[in-house]
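Listed below, chain by chain, are the residues.
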Amino acid sequence: MAAAVAVPSAMMILAACATGGGAESAAAPPPVATAPPAAATQQPPAQEADRTMAAPAADFTRALADRGVPAAQMGDAATLAQLARGICAQVAAGTPDAEIRERLVPVLRYAQSLMGDAMDEDTLAASFIDSARQAGC
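Scanning the protein chain from terminus to terminus reveals seven helices and zero strands. Each helix and strand of the protein chain, ordered N terminal to C terminal, gives the series α-α-α-α-α-α-α. Burial analysis of the protein chain (137 residues in total) assigns 35% to the buried set. Put simply, 70% of the contacts in the protein chain that link residues at least 6 apart link residues at least 24 apart.

This is how it looks when you write it as structure tokens:
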């Protein structure tokens, strides 16, 4: 039953990280090539997305686990990859860590519910931000 809570909490933070607070965080992605390679056209979009999210999620999960955070219990690979990307987008936009931390509050509270008193919210926030940086920011 706890896993069902993780996804909505994680989804709220993804929305917060993705939208940011100001115009500076709304940078457009680079243009996509108009003619994809032949190998890319053979992969269904869902499989391609799963494949491209697997590495960042694994790196992020490993980095969190190394810091004592039970990331494997917090959501699936796609959710964790998006969470890492959301944090990285904020880092790239120059958002101060304190502001990123505020956007992570729902995720931090859920992580704390899994950990008890093993780590305070400030340490958890630093763990998430540093793990995202380590995984690919």
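All right, on to the packing of helix α4 (residues 77-92) against helix α7 (residues 121-136) then. Here α4 crosses α7 at 90°, and the two axes come no closer than 9 Å. By the angle between their directions, the pair α4 and α7 is classed as roughly perpendicular. For the pair α4 and α7, contact is made by Leu83, Ala84, Ile87, Cys88 and Val91 and by Phe128, Ile129, Ala132, Arg133 and Gly136, respectively. Residues belonging to the contact of α4 with α7 are distributed by class as follows: eight nonpolar, one polar and one charged.

This part is about the nonpolar core. Membership of the largest hydrophobic core comes to 26 residues, with the highest contact counts inside it found for Phe60, Ile87, Leu104, Leu124 and Phe128. At the level of elements, α3 (45-66), α4, α6 (105-115) and α7 are the ones that each hand at least two residues to this core.

Before going further, it helps to examine the pattern of salt bridges. Taken as a whole and assessed by the stated rule, the structure comprises eight salt bridges. Put simply, Asp97 and Arg133 hold a salt bridge, and the shortest N to O gap is 2.8 Å. Of this pair, Asp97 sits in helix α5 (residues 97-103) while Arg133 sits in helix α7, placing them 36 residues apart in sequence. Judged by its relative accessible area of 34%, Asp97 falls in the partly exposed class. When the shortest N-O distance is used, the salt bridge between Arg101 and Glu102 registers 3.4 Å. Taking the relative accessible area as the measure of exposure, Arg101 reaches 17% and is therefore buried. When its relative accessible area of 52% is taken as the criterion, Glu102 is described as exposed. A single network of salt bridges, built from pairs that share partners, joins Arg101, Glu102, Arg109, Glu121 and Asp122.

Between the first and last C-alpha of α7 there are 23 Å, a value that for 16 residues agrees with the 22 Å anticipated at 1.5 Å per step. Among all positions in α7, only Glu121, Leu124, Ala125, Ser127, Phe128, Ile129, Ser131, Ala132 and Ala135 are buried. Sitting at the head of α7, Asp120 places a side-chain oxygen 3.1 Å from the backbone nitrogen of Asp122.

Turning our eyes to something else, we now look at the environment of Ala126. Summarising the element assignment, Ala126 is placed in helix α7. When the C-alpha positions of Ala126 and Ala98 are compared, they lie 9.5 Å apart, and in sequence the two are 28 residues distant.

Scoring rules and cut-offs
- Sequence order as written defines the numbering, with residues in each chain counted from 1.
- In keeping with the model being predicted, local features are shown solely for residues with a pLDDT of at least 70 and side-chain atom pairs are shown and tallied solely at 80 or more, while totals for entire chains, interfaces and linings include all residues.
- Water and hydrogen atoms were dropped before computing side-chain values, which therefore reflect all heavy atoms in the structure.
- Only DSSP runs of H or I covering at least 4 residues are called helices, and only runs of E covering at least 2 are called strands; the numbering of each starts at the N terminus.
- A simple rule labels every residue: compare its accessible area, found with a 1.4 Å probe on the protein chains alone, to the largest value its type can have, and call it buried under 20%, exposed over 50%, or partly exposed in between.
- Should any heavy atoms of two residues lie within 4.5 Å, those residues are counted as being in contact.
- A fitted line through C-alpha atoms represents every axis, and for helices the fit uses only the stretch in contact; the resulting angles, taken between N-to-C directions, go from 0 to 180 degrees.
- Should an angle fall under 35 degrees it is taken as roughly parallel, and over 145 as roughly antiparallel, whereas 65 to 115 is taken as roughly perpendicular and any remaining angle as oblique.
- Polarity classes work like this: nonpolar for Ala, Val, Leu, Ile, Met, Phe, Trp, Tyr, Cys and Pro, charged for Asp, Glu, Lys and Arg, and polar for all others, with Gly in that last group.
- Note on terminology: a nonpolar core comprises buried Ala, Val, Leu, Ile, Met, Phe, Trp, Tyr and Cys residues joined through side-chain atoms within 4.5 Å.
- When a carboxyl oxygen of Asp or Glu lies within 4 Å of a side-chain nitrogen of Lys or Arg, that pair is called a salt bridge.
- Any helix carries an expected span of 1.5 Å times its number of residues minus one.
- Distance and chemistry together define a polar contact, namely a pair of N or O atoms within 3.5 Å, with one atom able to donate a hydrogen and the other to accept it when in protein, and with adjacent residues in sequence counting only for side-chain atoms on both sides.

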